[in-house]
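# Coordinate inspection notes
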Amino acid sequence: MPSETVRYYSTNRRVPRATLREALLQGQAADRGLFMPETYPEMLPKQIEALAERSYPEIAHFVLERFTRGSIDEGRLRELCEDAYGFEVPIEPVAGRAHVLRLDRGPTASFKDFAARMMARWMGVFMEDDSSELVILTATSGDTGSAVAHAYHGVERVRVVVLFPIDEVSARQRKQMTTLGGNVTTIAVDGKFDDCQAMVKRAFADPDLSAIRLSSANSINIGRLLPQAVYYVYAYARLAKAAEMEPIVFSVPSGNFGDMMGAVIAGRLGVPIERLVVATNSNDEVPRFVETGVYEKIVPSRVCISNAMNVGHPSNLARLVDVYGGFMDETGRILEMPDLARLRRDIFAVGVTDEETRETIREAWRLHRLLLEPHGAVGWAGLRRFLEGRGPGPEPLSVSVETAHPAKFPEEIQALIGLDPEVPPSLRGLEGKPERFARMTTEYEPFRDLLRDTFARS
Ligand SMILES: *Cc1c(COP(=O)(O)O)cnc(C)c1O
């Protein structure tokens, strides 16, 4: 296919455009901006219509080929998609024209599997003709670490180091990371998530570690966003009259806003999104910003039951501001306002309290026998609020995203609806496996020494 390679620019615009390989391996741009695709090779309505009967891996190949042209061989990409997405992606009809898209059937039962698995495979390809080794450092409060550790497990020339706060992750989350072994090193830190994050940040900036090639796998990496456009295209192709460009409403429960950026990218590629509902928990700095035009971080972030969304300053907001013609620097200051009127036409942002989240879990079960966990319930509540306020007229096609498996929150769900969610195969069988992890205080030097002793080449 003789088509052009997509390049990636930095939202700070002080470095040259990068190839996908450069953008992925660097993570953050050297000017501390975030990489974004410069162009979005269009998908024609007829082409989207033709995807209706295709498998998820085939749709992933169709979408991602647009961004990997010139960087990854097309046949190779097809294999990677087959290999990464060997699990179900159910779309559940709920009521009227509303649906729930379940992204919880991957190996760690969170939607983060979708992006982490593809990004790990891309990095593996990029490292093949490289003589050095890449060390992915990541701090986690639970879901990211296990998704990343699983995704990179066994990828050659890539090592993964995961830091987690010993008392803040559940036993099941811990075991998902510490039983892998191989190229995955786990470190339990006697501290909080913020301490882990601070240790990782310091390592990135440490000249004593310059002999080690460090990279990150968090959602500042564009490799974590592109694969998240795929499931929006998939849901649209499955449900909509694509040839007629039927509009769709998506609702996305959001914390760092990486998932939402996947929907924005899908829209750019040609999915006619009538409105993108972005629903947060009480960390509602973005809904407030959309409403008032004033952006204020929430420090420290508020503790809510949808704990993977407890983010007081989302790292992907700079990307959204950029898409709407504004400029936010790496500290979170808005130096140029985005086009708020256009943003409000496209995006309906809403904050959902824990009380409303719990009520939504109860009500969805009572009315529709729809089983939601706290994150998906925030999305469903946001969709409900949008549809109710939309006024008369035919109901639009809509899809709310469920980002985790209900079995990850058994106590909450048991208390609310008296049901014990069935544990999926991916979460079973961890009990007997041996765990291996190092233990550390929040002191930086021992961490640095461990990295140096383990990974630096002499
Ligand atoms: C990470 C996560 C989210 C938030 O996704 P963002 O891309 O950070 O907005 C929502 N739900 C679950 C279960 C998650 O793990």
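First things first, this report covers the structure right here in the doc. Source: prediction; values computed, not measured.

### Remarks on the pattern of salt bridges
Any two side chains of opposite charge can pair, so long as their charged atoms come close to each other. Under the defined criterion, the tally for this structure stands at 33 salt bridges. Between Arg-69 and Glu-65 there is a salt bridge; the shortest N-O distance is 2.8 Å. For the pair shown, Arg-69 and Glu-65 are each scored as buried. A salt bridge links Glu-168 to Lys-192, with the nearest nitrogen and oxygen atoms 3.1 Å apart. Note that Glu-168 is positioned in the loop between β6 (158–165) and α7 (171–178) and Lys-192 in the loop between β7 (184–189) and α8 (193–204), a separation of 24 residues in sequence. Exposure remark for Glu-168: the relative accessible area of 35% places this residue in the partly exposed category. Each member of the salt-bridge network shares a partner with another, and the members are Arg-21, Asp-129, Asp-130 and Arg-213.

### Regarding the nonpolar core
With 110 residues, the main nonpolar core has Trp-122 and Tyr-152 as its most contacted residues. Of the residues forming this core, the biggest block, 10 residues, is contributed by helix α5 (residues 112–128). Excluding anything up to four places from it in sequence, Trp-122 contacts Leu-20, Leu-24, Leu-64, Thr-68, Ile-72, Leu-77, Leu-80, Gly-223, Leu-226 and Pro-227. Counting residues in hydrophobic clusters, the runner-up holds 24 residues, among them Ile-361, Leu-371, Val-378 and Trp-380.

### Quick look at the packing of aromatic side chains
As enumerated under the stated definition, the model contains 14 aromatic pairs in all. Here Phe-164 and Phe-437 contribute two aromatic rings whose centre-to-centre distance is 6.1 Å and whose plane-to-plane angle is 70°, an arrangement assigned as edge-to-face. Here Phe-437 lies in the loop between α16 (410–417) and β15 (438–440) and Phe-164 lies in strand β6, a separation of 273 residues in the sequence. Its relative accessible area of 0% is what places Phe-164 among the buried residues. The exposure class of Phe-437 is partly exposed, given its relative accessible area of 32%. Here Tyr-231 and Tyr-232 contribute two aromatic rings whose centre-to-centre distance is 5.0 Å and whose plane-to-plane angle is 45°, an arrangement assigned as tilted. Residue classification places Tyr-231 among the buried positions, given a relative accessible area of 0%.

Rules used throughout
Residues numbered from 1 in each chain as written. Predicted model: local features only at pLDDT ≥ 70, side-chain atom pairs only at ≥ 80, totals over all residues. Heavy atoms only, no water. Salt bridge = Lys/Arg side-chain N within 4 Å of Asp/Glu carboxyl O. Buried < 20%, exposed > 50% of the residue type's maximum accessible area, 1.4 Å probe, protein only. Helix = DSSP H or I, 4+ residues; strand = E, 2+ residues; numbered from the N terminus. Core = buried A, V, L, I, M, F, W, Y, C linked by side-chain atoms within 4.5 Å. Contact = heavy atoms within 4.5 Å. Phe/Tyr/Trp six-rings, centres within 6.5 Å; stacked < 30°, edge-to-face > 60°.

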